[in-house]
Amino acid sequence: MTTVIDTVAWIELRAGRILGARTRGNRWFYIPGGKRHTGESDVETLVREAEEELTVTLLPATARHVGTYEAAADEGSAVRVTMACYTADHRGEPRASGEIEEVAWLSYADRLRTPPVDRLVFDDLRAAGLLD
């Protein structure tokens, strides 16, 4: 039986770049977000994770589903990650908090610095002309 990790992610774009976050001790940058708690909706997870990781307040009424993606957790891994992606307006400036060591604005050239599921998002954003 394949293990599937259910996650939600916040897509924040600026000037053709996407916000990425890197946790302490991790080599990958990832689209900010995380695993849902039991009973949480996608938007509730999104709001909680953005506050915990980036100290921003997402405005739930502005959340818009961009797409849901699934891929291996890492190259060659049997574990799969499903990631529901949303955009949402926010208050505050994203900055590293809690488990996050670093935030960065990533371009398509940074695609290989992210895990496989994030690369699918990068590809779609690039195809839509939203990611440099």
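A. Expanded view of the nonpolar core. Grouped together as the largest cluster of nonpolar side chains are 17 residues, with contacts concentrated most on Ile-11, Ile-18, Ile-31, Met-83, Cys-85 and Val-121. Put simply, the parts of the chain that give this core at least two residues each are strand E6 (64–72), strand E7 (80–87), strand E9 (100–106) and helix H2 (116–127). Among the elements that make up this core, the one with the highest residue count is H2 (4 residues). Those residues within four positions of Val-121 in sequence are excluded, and the remaining contacts are Ile-11, Ile-31, Tyr-69, Met-83 and Cys-85. Counting 12 residues, the second largest nonpolar core, distinct from the first, contains Leu-19, Leu-46, Ala-50 and Leu-58.

B. A look at the pattern of salt bridges. Evaluation of the coordinates by the stated rule reveals 14 salt bridges. A salt bridge links Asp-6 to Arg-36; its shortest N-O distance comes to 2.5 Å. Taken as a pair, Asp-6 in strand E1 (residues 4–10) and Arg-36 in the loop between strand E4 (33–35) and helix H1 (42–54) lie far apart in primary sequence, 30 residues in all. Across the pair Arg-27 and Asp-74 runs a salt bridge whose closest N-O atoms are separated by 3.6 Å. Of this pair, Arg-27 sits in the loop between strand E3 (17–23) and E4 while Asp-74 sits in the loop between E6 and E7; the two residues are 47 residues apart in sequence, bridging distant segments of the chain. Owing to a relative accessible area of 25%, Asp-74 belongs among the partly exposed residues under this scheme. Put simply, Glu-40, Arg-48, Glu-49 and Glu-52 are held in one network by salt bridges that share partners.

C. Region of the structure containing the sheet that holds E9. Judged by pairing direction, the sheet is antiparallel, and its 3 strands sit side by side in the order E2-E3-E9 without closing on themselves. The open sheet has two edge strands, strand E2 (13–14) and E9, and neither has a second partner. Taken together, the 2 bridges between E2 and E3 define a ladder with antiparallel strand orientation. Each bridged residue has a counterpart across the sheet, and for Leu-13 the counterpart in E3 is Ile-18.

Rules and cut-offs
- Residues numbered from 1 in each chain as written.
- Predicted model: local features only at pLDDT ≥ 70, side-chain atom pairs only at ≥ 80, totals over all residues.
- Heavy atoms only, no water.
- Core = buried A, V, L, I, M, F, W, Y, C linked by side-chain atoms within 4.5 Å.
- Buried < 20%, exposed > 50% of the residue type's maximum accessible area, 1.4 Å probe, protein only.
- Helix = DSSP H or I, 4+ residues; strand = E, 2+ residues; numbered from the N terminus.
- Contact = heavy atoms within 4.5 Å.
- Salt bridge = Lys/Arg side-chain N within 4 Å of Asp/Glu carboxyl O.
- Pairing = 2+ DSSP bridges.

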